[in-house]
Amino acid sequence: MSVLVYTESWGGNFRKSTFEAVSYASETAKILGTNVVALSLEDVSDEELVKLGSYGASKVVSIPSVNKGDSQSASKIIAELSTDASVIVFSGTHTARMITPRLSVKLAAACITNVISLTESSEITIKRKSFSTKAIEIIKSNTEKTILSISPNSFGLIENQMDCLIERSDFIEKGSLIFEGQETASGKISISEAEIVVSAGRGLKGPENWGMIEELADVLGAATACSKPVSDIGWRPHSEHVGQTGKPVTADLYIAIGISGAIQHLAGVNSSKVMVAINTDPEAPFFKAADYGIIGDAFEVVPKLIQEIKKFKN
Amino acid sequence: MNILVCISSVPDTTSKINFTENNTKFDCSGIQFVINPYDEFGLTKSIMIKESIGGKVTVITVGDASVEPVIRKALAIGADDAVRVNMDPNDSFSVANEISEYIKQNSFDLIITGRESIDYNGGAVSGMISEMTNLPLVNACIGLEIEGNSAKLVREIDGGKEMITSPLPMVIGGQKGLVLENELRIPNMRGIMQARTKPLSVVEPTGNIMYTTSVSFAKPEEKAGCKFVDASNVSDLVDLLHNEAKVI
Ligand SMILES: Cc1cc2nc3c(=O)[nH]c(=O)nc-3n(C[C@H](O)[C@H](O)[C@H](O)COP(=O)(O)OP(=O)(O)OC[C@H]3O[C@@H](n4cnc5c(N)ncnc54)[C@H](O)[C@@H]3O)c2cc1C
């Protein structure tokens, strides 16, 4: 028996969400009394792979030839490697969302997504986010093997140094998708795994005013986000839309500027640990959900906040 | 082009979520049900494809008779016919299994689901269908053009997008971007009238295999309340975030 963890890489590098998945897998392995085997697809150097050992992986199988977006091949190879695994852990990224359901069917294994807790015992029973974070569900696996996809940034990192053995393997089958290329904004922090998210709404009046939002995000090392109407009218790209029908946010700190706090907005962001609202309207619903609030004009408060944070960082 | 659109009937986004029967069942009383917002983008895109290159749009949902108003709405928006699998769905696997059985007995060029449903948020139905029917899958799809026997797709990836070509038939998990918000269609009077006479067939489930059991639900903990900082003392906020909340 073992716990298998899929360790996703981006351009040859792991991210915090990858190490979080390994940390989760290793805590699960402690509960089950077993060890952690990691699986890496695409090309990743030995130097990067060995980092998985810091979070508890005792072995990593690297298969450079498989494109992670090819869910047909990825699920096949993971299924082959999981004969011995009772739990298979993923971080809930876009790619994981394509691989885990296929794997579930292949292995006749329960697939539980949006996971936010460890299992209580060797009978897999865990907490997951449900109803767009308006509720938490306790769910039980009915199958011998269980696939757990954790909600990024909801578990954290736990260091647990292991000597990590690297094994390289090959897989030649290919699925039927043809990958034509990617476009990524370099240097941008992705919303799903950002520790701090700076988000702004219609209160900002127009796209020309986002300079200060980006600057605030920059000084905090944060990702930028926006409310739905802001992306619908084209002030910001759709990829920044957060909330019930956009991206979910589980940040350590979520700063909402000129956002009223509609139920659909809060539904997607309120699992963040600390929320700050900045709004001119003392009656804005966001203040009911926030931990800290400033009643004031964003155009005055935000530049001051940037100055204060710069001072603090120095 | 034969397109199957899988729709889920979900509580309206403004709904307050409560549970009954000792916190084991979602409390439907007073709840308005709507087409899952993610599914609406796929439905609209399917109708647009049909309008430009011809074909037929079928909607399928797994649910008891109470979901029929939502199916009628999909028909009013422009789907040609509908299928309801007569089963109270319990987990992603059981839903995907029923839809896949229907796909195997019929023939579709394209199967579109939403990226996830806004109630249980499993996000697994599209992937499970693709595995059960052995078809290629693109989830978080934000762009789709049909070119002969293949599809040109764009999928959202973490921090960007990826361009993909896939043979048809295939399975797509859709979201905003497939069409834009302002392209979504509101049923008009004529559509609503026509929807009443469009075919809605009811099929019995083939089995109800569940891989998971829902034990209970809880509401997230309430916040302690908002601490206000004066707009003229912004440095206090930085102080609180550092010393009290310990997040910066
Ligand atoms: C089916 C459905 C799904 C939805 N899904 C989502 C979703 O996923 N995400 C989402 O965000 N919304 C969603 N919505 C929309 C939601 O209902 C709200 O309309 C939206 O969140 C409001 O955005 P906003 O707060 O930016 O704008 P508004 O509600 O217009 O609020 C603007 C706020 O800015 C404040 N303000 C104005 N000037 C200033 C200033 N100078 N300084 C500081 N504050 C100022 C105002 O007091 C106000 O509170 C959805 C709606 C529906 C129907």
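Quick notes on the rules
- Position numbers for residues count from 1 along each chain, tracking the sequence in the order it is written.
- Key to labels: chains lettered from A, ligands numbered from 1, both in the order written.
- Per-residue local features of the predicted model are confined to residues with pLDDT of at least 70, and side-chain atom pairs are confined, for both listing and counting, to 80 or more; whole-chain, interface and lining totals are unaffected and use all residues.
- Side-chain calculation: all heavy atoms of the structure are included, whereas hydrogens and water are not.
- By definition, two strands form a pair when at least two bridges between them are found by DSSP.
- Strands here mean DSSP runs of E at least two residues long; helices mean DSSP runs of H or I at least four residues long; both are numbered from the N terminus.
- To get an axis, fit a line to the C-alpha atoms, keeping to the stretch in contact for a helix; angles then go from 0 to 180 degrees between the N-to-C directions.
- We call two residues contacting when some pair of their heavy atoms lies within 4.5 Å.
- Here the buried area means the combined drop in accessible surface, using a 1.4 Å probe, for two parts upon being joined, counting both sides.
- A side-chain nitrogen of Lys or Arg and a carboxyl oxygen of Asp or Glu constitute a salt bridge if their distance falls within 4 Å.
- Only protein chains enter the area calculation, which uses a 1.4 Å probe; residues under 20% of their type maximum are buried, those over 50% are exposed, and those in between are partly exposed.

A. View of the sheet that holds strand β11 (residues 160-167) of chain B. Taken in spatial order, the ten strands line up as β12(A)-β11(B)-β10(B)-β9(B)-β12(B)-β8(B)-β1(B)-β6(B)-β7(B)-β13(B) in an open sheet, and their pairing is mixed. A single partner strand is all that each edge strand has here, and the edge strands are β12 (178-184) of chain A together with β13 (200-203) of chain B. Between one strand and the next, the sheet's axes are offset by a mean angle of 25°, whatever the strand orientation. The pairing of strand β9 (residues 137-147) of chain B with strand β10 (residues 150-157) of chain B spans six bridges and is antiparallel. Residue pairing for β10(B): Cys141(B) is matched across the bridge by Arg155(B). In the packing of helix α4 (residues 94-107) of chain A onto the sheet, contacts are made with β9 and β10 of chain B, and the angle to β9(B) comes to roughly 95°.

B. Spotlight on the interface of chain A and chain B. Contacts between chain A and chain B engage 87 residues on the former and 79 residues on the latter. Where chain A abuts chain B, roughly 7100 Å² becomes buried across the two surfaces, and 58% of that area is made up of carbon and sulfur atoms. It is His94(A), Phe131(A) and Tyr292(A) that lose the most area in chain A upon contact with chain B, and together they represent 12% of the buried surface on that side. Linking chain A with chain B are nine salt bridges. Among the ionic pairs, Lys228(A) bridges to Glu181(B), the shortest N-O distance being 2.9 Å.

C. Main features of the pattern of salt bridges. Under the criterion given, the structure shown has 33 salt bridges over all chains. Between Glu116(B) and Arg97(A) there is a salt bridge whose closest N-O contact spans 3.0 Å. Placement of the pair is Glu116(B) in the loop between β8 (110-114) and α4 (125-132) and Arg97(A) in helix α4, with the two residues belonging to separate chains. A single burial state applies to Glu116(B) and to Arg97(A), both of which are buried. Each member of the salt-bridge network shares a partner with another, and the members are Lys228(A), Asp232(A), Lys176(B) and Glu181(B).

Read these as layout, nothing more, since geometry by itself doesn't imply function.
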